[in-house]
Amino acid sequence: MSAARPAEVLVKTDIAVIGAGQAGLSAAYHLRRLGFEPLRHFIVFDRAPEPGGAWQFRWPSLTLSAANGIHDLPGLGLAEAVDVGDGSIQAATAMKAYFAAYEERFDLRVLRPVNVEVVCDRGERLRVETNKGLFSVRGIINATGTWEAPYIPEIPGAGRFRGRQLHTRDYRTAEEFACQHVIVVGAGISALQLLDEVSRVTRTTWVTRREPEFLDVPFSPELGRAAVTKVEERVRQGLPPASVVSVTGIPKSPAIEAMRARGVLTRQPMFTGITETGVRWDDGRTLDADVILWCTGFRSALDHLAPLQIRNSNGGITMTGRLATQVAKDPRIHLVGYGPSASTIGANRAGGAAARELTSYLGMAAPGP
């Protein structure tokens, strides 16, 4: 007679922080600063086996000097924790070391690898179901980012293509495409970085959905703040967040100017069909290719929150709170790394705002000495 399977233990705490990237670590840091203890008052879950957030999965050629928008976490700067040298160190290597040092310095006790499968409403509390057990919480700071939700548009004929299709998250090195014709789709920062790399070793064709808007000025804090403001306006209205490039344009940089001089930035409009050997446009033009590299961005990885029905009919989520981190439909849920807080500096500020607003909403008084 086999032994009965033991019942799963339901662990109770106040707050679950889901995700230990920049936004999640910032939120956990601020919860600590408010006097709350990990594992007692809040739990941080991370699905990755090691610290480093999405950075640890970036392509090897992405160095710190080439990476876009790395910002220090609150309380411990990158240069304090890691010897970054001249910036030629791989971003993945540096950020893994940085996040690991950060978790240790502030004793954040991240539980990993833990996959949060679903979150359900249980009245006064929320039930968090994971592959490592069940948890009951009063509130959630969701910081799952976008890396786990790559987006590739549905184009007729995609399944017929005999060549290779891959997304930004699958990219490793340009050399693997040598002597092949690569169609690079997308106009974001990553798309331009990969177009630059691949075009140095082989033939490329650049395709974008809309005409890229090139700016005559370099990126600046003012430009960044303007972009965040525009994205914040969208999510406060319940609209899906837009990409930074779509609201700011492409800033001037030495890399962009060098690509222009090499003739790499000759853009083609989006194709409407995929053939066995390449792509096809509405006007009947066709183009043969060996590879389609989809640099078409990511969507917020929020499927585990689906039972809470926080999305509007248009797919957006109406956000409120000082930095637009609080879900208007359910104030117990804060999304950091979503919309205006998707940038690294925005994630830092959002983590602090979410920690303060959520603990205040839940009536959590800082524990005494």
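Further up the page is the structure itself.
Conventions adopted
Residue positions are given per chain, counted from 1 along the sequence in the order it is written. For this predicted model, a pLDDT threshold of at least 70 governs which residues receive local features, and a threshold of 80 or more governs which side-chain atom pairs are given and counted, while totals over whole chains, interfaces and linings are taken from all residues. As a rule here, side-chain values cover all heavy atoms of the structure and leave hydrogens and water aside. Pairs were defined over the aromatic rings of Phe, Tyr and Trp, the Trp ring being its six-membered one, requiring ring centres within 6.5 Å. Orientation was assigned from the angle between planes: stacked under 30 degrees, edge-to-face over 60, tilted for the rest. Only protein chains enter the accessibility calculation, which uses a 1.4 Å probe; a residue whose area is less than 20% of its type maximum is buried, one above 50% is exposed, and one in between is partly exposed. Consider the ring centre and the ring normal. A charge sits over the ring if Lys NZ or Arg CZ is within 6 Å of that centre and within 35 degrees of that normal. Any two strands with at least two DSSP bridges between them are considered paired. Put simply, DSSP marks the helices as runs of H or I at least four residues long and the strands as runs of E at least two long, and each gets a number from the N terminus on. Helix axes use the C-alpha atoms of the stretch in contact, all axes being lines fitted to C-alpha atoms, and the angles between their N-to-C directions lie in the range 0 to 180 degrees. Pairs of residues are marked as contacts when any of their non-hydrogen atoms sit within 4.5 Å.

A. Just the packing of aromatic side chains, in detail. A full pass over the atoms with the stated rule returns twelve aromatic pairs. Each ring, one from Y171 and one from F177, has its centre 6.1 Å from the other, and the planes form 25 degrees; the classification is stacked. Residue Y171 is classed as buried on the basis of its relative accessible area of 0%. In this structure an aromatic cluster arises from ring pairing among Y29, Y98, F99, Y102 and F106. Note that R285 overlies the ring of W281, its terminal NZ or CZ placed 4.3 Å from the centroid. Geometry around Y151 places R299 over its ring, the cationic atom sitting 3.8 Å from the centre.

B. Highlighting the sheet that holds strand β9 (residues 181-185). Pairing within the open sheet is parallel, and its five strands lie in the order β8-β17-β9-β10-β13. Two strands bound the open sheet, and with one partner strand each, they are β8 (164-167) and β13 (267-269). Sheet twist, expressed as the average angle between the axes of neighbouring strands with direction ignored, equals 25 degrees. Where β9 meets strand β10 (residues 203-208), five bridges bridge the pair, whose relative direction is parallel. Paired with V184 across the strands is W206, a residue of β10. Of the strands in this sheet, β9, β10 and β17 (291-294) are in contact with helix α4 (residues 189-199), which crosses β10 at around 160 degrees.

C. A look at unusual backbone geometry. In this structure, P113 follows R112 across a cis peptide bond, with omega equal to -15 degrees. Within the secondary structure, P113 is located in the loop between α3 (91-105) and β4 (116-122). In this model, D107 sits at a positive phi of 50 degrees, which is unusual for a non-glycine residue. Note that D107 resides in the loop between α3 and β4. By relative accessible area, which is 30% here, D107 ends up partly exposed. Phi is positive for Q309, close to 55 degrees, though the residue is something other than glycine. Within the element layout of this structure, Q309 appears in the loop between β17 and β18 (319-320). When its relative accessible area of 55% is taken as the criterion, Q309 is described as exposed.

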